[in-house]
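Take a look at the letters that make up each chain.
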Amino acid sequence: MDLLSKLTQLLAKANISLTEQQKQQLVGYVEMLVKWNKAYNLTSVREPQQMLIRHIMDSIVVNDHLSGTTFIDVGTGPGLPGVPLAIVRPNAHFVLLDSLGKRIRFLKQVQHELGLNNIEPVQSRVEEYQQENGFDGVISRAFASLNDMLSWCHHLPSSNGKFYALKGVIRGEEITELPEGFIVESITELKIPELDGQRHLVKLSIK
């Protein structure tokens, strides 16, 4: 099955409806990941159809849970979940932050080839990055713990901004050991078609 047909099948299973252009952009992104992965080692997932499940669907199922128009994807790596979310949320702006130059070079090429005007790849360490007005949402799927995420990203949300942490299994101690001043608003189990293993979205805010 070609990638576009597979993506269409997965979207139907997840009850997500996208335009043909959005589907083409998502498939184009997977094709770029496959091509650049050989030299840049961007992801351990090598198989394009698995990328659709574990990278594309894994990212875009979060979309309905986000609120706002300005987001930062912290430790974005090759652009996950920021690039797929930017494709399905064209009216929002996404800063894609990573400290590694090769990843940012890849993301600038993605921006150029796919015509994504709503992403802004930035090379910086998260604790050094400042944005005057803050963001509606601080997103991460790469941090080891909620504690680390909040400690390093506490300066990034706007006054009403939220933290969105994409996690696998949620460990109880991770929730109980949150730094002072943060609260968990919700923990949502995410259903991703054809994906083995649990996925959760933890939404947090500053008290």
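Residues numbered from 1 in each chain as written. Predicted model: local features only at pLDDT ≥ 70, side-chain atom pairs only at ≥ 80, totals over all residues. Heavy atoms only, no water.

Peer 1: Would you mind going over the overall build of the protein with me for this structure?
Peer 2: Looking only at helices and strands, the protein has 7 helices and 7 strands in total. Counting from the amino terminus, helix and strand elements in the protein follow one another as α-α-α-β-α-β-α-β-β-α-β-α-β-β. For 207 residues, the compact-globule estimate of 2.2 N^0.38 gives 17 Å, and the protein sits close to it at 16 Å. In terms of overall dimensions, the protein has a C-alpha envelope of 50 × 30 × 30 Å along the principal axes. Buried positions account for 52% of the 207 residues belonging to the protein. On the protein, roughly 9,800 Å² of surface is accessible, and the fraction owed to carbon and sulfur atoms is 45%. (Helix = DSSP H or I, 4+ residues; strand = E, 2+ residues; numbered from the N terminus. Rg over C-alpha atoms; globule rule 2.2 N^0.38 Å. Buried < 20%, exposed > 50% of the residue type's maximum accessible area, 1.4 Å probe, protein only. Areas by Shrake-Rupley, 256 points an atom, 1.4 Å probe, with all protein chains shown as cover.)

Peer 1: Where do I start with the packing of aromatic side chains in this structure?
Peer 2: Here the distance between the centres and the angle between the planes together describe a pair of aromatic rings. On inspection of all chains with the given rule, the structure shows 5 aromatic pairs. Among the aromatic side chains, those forming a connected cluster through ring pairs are Tyr29, Trp36, Tyr40 and Phe106. (Phe/Tyr/Trp six-rings, centres within 6.5 Å; stacked < 30°, edge-to-face > 60°.)

Peer 1: What should I look at first to understand the environment of Gln131 in this one?
Peer 2: Secondary-structure assignment places Gln131 in the loop between β3 (119-123) and β4 (135-140). The exposure class assigned to Gln131 is partly exposed, which follows from its relative accessible area of 30%. Here the alpha-carbon distance between Gln131 and Val74, two residues 57 residues apart in the chain, equals 13 Å. Polar contacts involving the side chain of Gln131 include one to the main-chain amide nitrogen of Asn133, which spans 3.1 Å. (Polar contact = N/O pair within 3.5 Å; in protein donor to acceptor, adjacent residues only side chain to side chain.)

Peer 1: Explain the environment of Leu80 here, please?
Peer 2: Position of Leu80 among the secondary structure elements: in the loop between β1 (70-74) and α4 (82-88). When the C-alpha atoms of Leu80 and Thr8 are compared, they prove to be 20 Å apart, with 72 residues separating the residues in sequence. What Leu80 contacts, discounting residues up to four positions off in sequence, is Tyr29, His55, Ser59, Asp73 and Arg141. (Contact = heavy atoms within 4.5 Å.)

Peer 1: For this particular structure, what's the right way to read the pairing of β3?
Peer 2: Relative to β3, strand β2 (residues 93-98) runs parallel, the two being bridged by 5 bridges. Bridge pairing in β3 links Phe94 to Ile119. In this fold, the crossover linking β2 to β3 by way of helix α5 (residues 101-114) has right-handed handedness. (Pairing = 2+ DSSP bridges. Right-handed = clockwise from strand over helix to strand, strands pointing away.)

Peer 1: I would appreciate a short explanation of the pattern of salt bridges in the present structure.
Peer 2: Oppositely charged side chains can pair when the atoms bearing their charge come close. Scanning the model with the defined rule gives 14 salt bridges in all. Glu194 serves as the salt-bridge partner of Lys13, at 2.7 Å between the closest nitrogen and oxygen. Within this pair, whereas Lys13 is found in helix α1 (residues 3-13), its partner Glu194 is found in the loop between β6 (182-189) and β7 (200-206), the two being separated by 181 residues in sequence. The exposure class of Glu194 is partly exposed, given its relative accessible area of 39%. For Arg141, the salt bridge goes to Asp58, with nearest N and O atoms at 2.9 Å. (Salt bridge = Lys/Arg side-chain N within 4 Å of Asp/Glu carboxyl O.)

Peer 1: Would you mind showing me how to read the UniProt feature "binding site: S-adenosyl-L-methionine" (unreviewed entry) in the protein here?
Peer 2: Here the UniProt-annotated "binding site: S-adenosyl-L-methionine" (unreviewed entry) positions come out as Gly75, Leu80, Val126, Glu127 and Arg141. The topology assignment puts Val126 in the loop between β3 and β4. A relative accessible area of 10% places Val126 in the buried class. Discounting chain neighbours no more than four positions away, the residues touching Val126 are Val74, Leu97, Phe143, Trp152, Cys153, His155 and Leu156. Along the chain, Glu127 falls in the loop between β3 and β4. (UniProt positions renumbered as here; feature names shortened; annotations may be inferred.)

Peer 1: What's the story with the packing of α1 against helix α2 (residues 20-40) in this structure? I'm lost.
Peer 2: Contact geometry of α1 with α2 gives a least axis separation of 10 Å together with a crossing angle of 120°. One way to sum up the angle between α1 and α2 is to call them oblique. The two elements α1 and α2 meet at a crossing, and its hand is right-handed. Of the residues in α2, those in contact with Leu3, Leu4, Leu7, Thr8 and Leu11 of α1 are Lys23, Gln24, Leu26, Val27, Val30 and Glu31. When the residues that make up the contact of α1 with α2 are grouped by side-chain class, the tally is 7 nonpolar, 2 polar and 2 charged. (Axes fitted to C-alpha atoms, helices over the stretch in contact; angles between N-to-C directions. Parallel < 35°, antiparallel > 145°, perpendicular 65-115°, else oblique. Left-handed = near helix turned anticlockwise from the far one by under 90°. Nonpolar A, V, L, I, M, F, W, Y, C, P; charged D, E, K, R; others polar.)

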